[in-house]
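Coordinate analysis (summary)
The primary structure of each chain is shown beneath.
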Amino acid sequence: MKVVLDIETDAVPINEWAALVGLDIAEVESDFPNFEKGYQKSFFDGTFSRIVCIGVLTLKDDSTTLNPIAWYGDNEKAILEAFWDFMGKHRPDQVITHNGLNFDLPFIKKRSIIHQVKQTLEFNLAKFQTRSVFDTMAVWTNWDFRGGVKLDVLARVLQVETKSGSGEHVREMWASGRWKEIAEYCLQDVYVTYACYCRMNYLEPQKSIEALAKRALHLTGVGS
């Protein structure tokens, strides 16, 4: 069995970031331009930022889709526990991602360690292999991440349905409490990754309306 995976993340407030890197928040706030680059860089690092959604889509051997699931909300530990419970039960032999080797999978590992949520299986993050992790960005660029291709660009090149937003939109949705929209957006990214994977393996992807028809959205935290 294969699993297509994507995560959505959100930065911690600047005062929390400052405390983690050992800076005085008053100093940061009084001279923010000098600290802005470091703070913005932290958005993409699991050392500082947090996971607000994990989306997965399981594939049968013929690459037709099953069980689209997203866990989302403000209880990051519960999201990770649900994700690892799922992975432990299904034990996929391949994980499919876009830039997962550099971003999603190390991010999940860091946040799991921080929350002391034990992994139920190990990701093989070695480059130049696709047996355990098929990273569509890595394969497309032959693991030259300096020339990385964005998912929406790859989707248009491969003539499949493309993304509906960006990371900036996720931050806006989170700030305004539109958590369910984040889960829907995450699963759309999962679908696009799946569709690109299919094209790269000379397979015909299902339409998103079919692949995501039976999606399950699981809220953690407030209101769950």
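Residues numbered from 1 in each chain as written. Predicted model: local features only at pLDDT ≥ 70, side-chain atom pairs only at ≥ 80, totals over all residues. Heavy atoms only, no water.

1. Notes on the overall build of the chain
Helix and strand counts for the chain come out as 10 helices and six strands. Taken against the 2.2 N^0.38 rule, which gives 17 Å for 224 residues, the C-alpha radius of gyration of the chain at 18 Å falls within 12% of a compact globule. A buried classification covers 48% of the 224 residues belonging to the chain. For the chain, contacts bridging at least 24 residues in sequence account for 72% of all contacts bridging at least 6. Taken as a whole, the chain presents about 11300 Å² of accessible surface, with 51% of it coming from carbon and sulfur. Within the chain, the 30 negative side-chain charges are centred at a point lying 6 Å from the centre of the 25 positive side-chain charges. (Helix = DSSP H or I, 4+ residues; strand = E, 2+ residues; numbered from the N terminus. Rg over C-alpha atoms; globule rule 2.2 N^0.38 Å. Buried < 20%, exposed > 50% of the residue type's maximum accessible area, 1.4 Å probe, protein only. Contact = heavy atoms within 4.5 Å. Areas by Shrake-Rupley, 256 points an atom, 1.4 Å probe, with all protein chains shown as cover. Lys, Arg positive; Asp, Glu negative; His and termini not counted. Charge placed at Lys NZ, Arg CZ, Asp CG, Glu CD.)

2. What to know about the packing of aromatic side chains
A full pass over the atoms with the stated rule returns 11 aromatic pairs. Note on Trp 71 and Phe 83: the rings are 6.2 Å apart at their centroids and 75° apart in plane angle, and the pair reads as edge-to-face. On the criterion of sequence distance, the pair formed by Trp 71 in strand 3 (residues 65-73) and Phe 83 in helix 4 (residues 76-90) is long-range, its members being 12 residues apart. Exposure remark for Phe 83: the relative accessible area of 0% places this residue in the buried category. (Phe/Tyr/Trp six-rings, centres within 6.5 Å; stacked < 30°, edge-to-face > 60°.)

3. Focus: the pattern of salt bridges
Inspection of the entire model under this criterion finds nine salt bridges. Across the salt bridge formed by Asp 85 and Lys 89, the nearest N and O atoms sit 3.2 Å from each other. Of this pair, Asp 85 and Lys 89 both sit in helix 4, four residues apart, roughly one helical turn. Overall, Asp 85 belongs to the partly exposed group, its relative accessible area being 41%. (Salt bridge = Lys/Arg side-chain N within 4 Å of Asp/Glu carboxyl O.)

4. With respect to the sheet that holds strand 5 (residues 133-135)
Taken in spatial order, the six strands line up as 5-4-1-2-3-6 in an open sheet, and their pairing is mixed. Because the sheet does not close on itself, it has two edges, and the strands there are strand 5 and strand 6 (216-220). For this sheet the average axis-to-axis angle between neighbouring strands, irrespective of direction, equals 20°. With five bridges joining them, strand 3 and strand 6 adopt parallel strand pairing. When the bridges of strand 6 are listed, Ile 69 appears paired with Ala 216. With respect to the sheet, helix 5 (residues 100-115) is in contact with strand 1 (2-10), strand 2 (50-59), strand 4 (94-97) and strand 5, its orientation differing from that of strand 1 by roughly 75°. This element, helix 9 (residues 179-200), spans strand 1, strand 2, strand 3, strand 4, strand 5 and strand 6 of the sheet and lies at about 45° to strand 2. (Pairing = 2+ DSSP bridges. Axes fitted to C-alpha atoms, helices over the stretch in contact; angles between N-to-C directions.)

5. Side note on empty space enclosed by the protein
As enumerated under the stated definition, the model contains one cavity of 30 Å³ or more in all. Size it by volume and the largest cavity reaches roughly 30 Å³. Taken together, Leu 105, Lys 109, Gln 119, Glu 122, Phe 123 and Leu 125 make up the full set of residues lining the largest cavity. Residues of the lining of the largest cavity, tallied by class, amount to three nonpolar, one polar and two charged. (1 Å grid on protein atoms, 1.4 Å probe; cavity = no way out; pocket = protein on both sides within 12 Å on 5 of 7 lines; lining within 4 Å. Points joined across faces, edges and corners; volume = space filled by probe spheres on them. Nonpolar A, V, L, I, M, F, W, Y, C, P; charged D, E, K, R; others polar.)

6. Regarding the confidence of the model for the chain
On average, residues of the chain score 91 in pLDDT, and 96% of them reach the 70 mark or higher. Between the elements of the chain, mean pLDDT differs from a low of 78, seen in helix 8 (residues 167-175), to a high of 97, seen in strand 5. (pLDDT = per-residue confidence, 0-100.)

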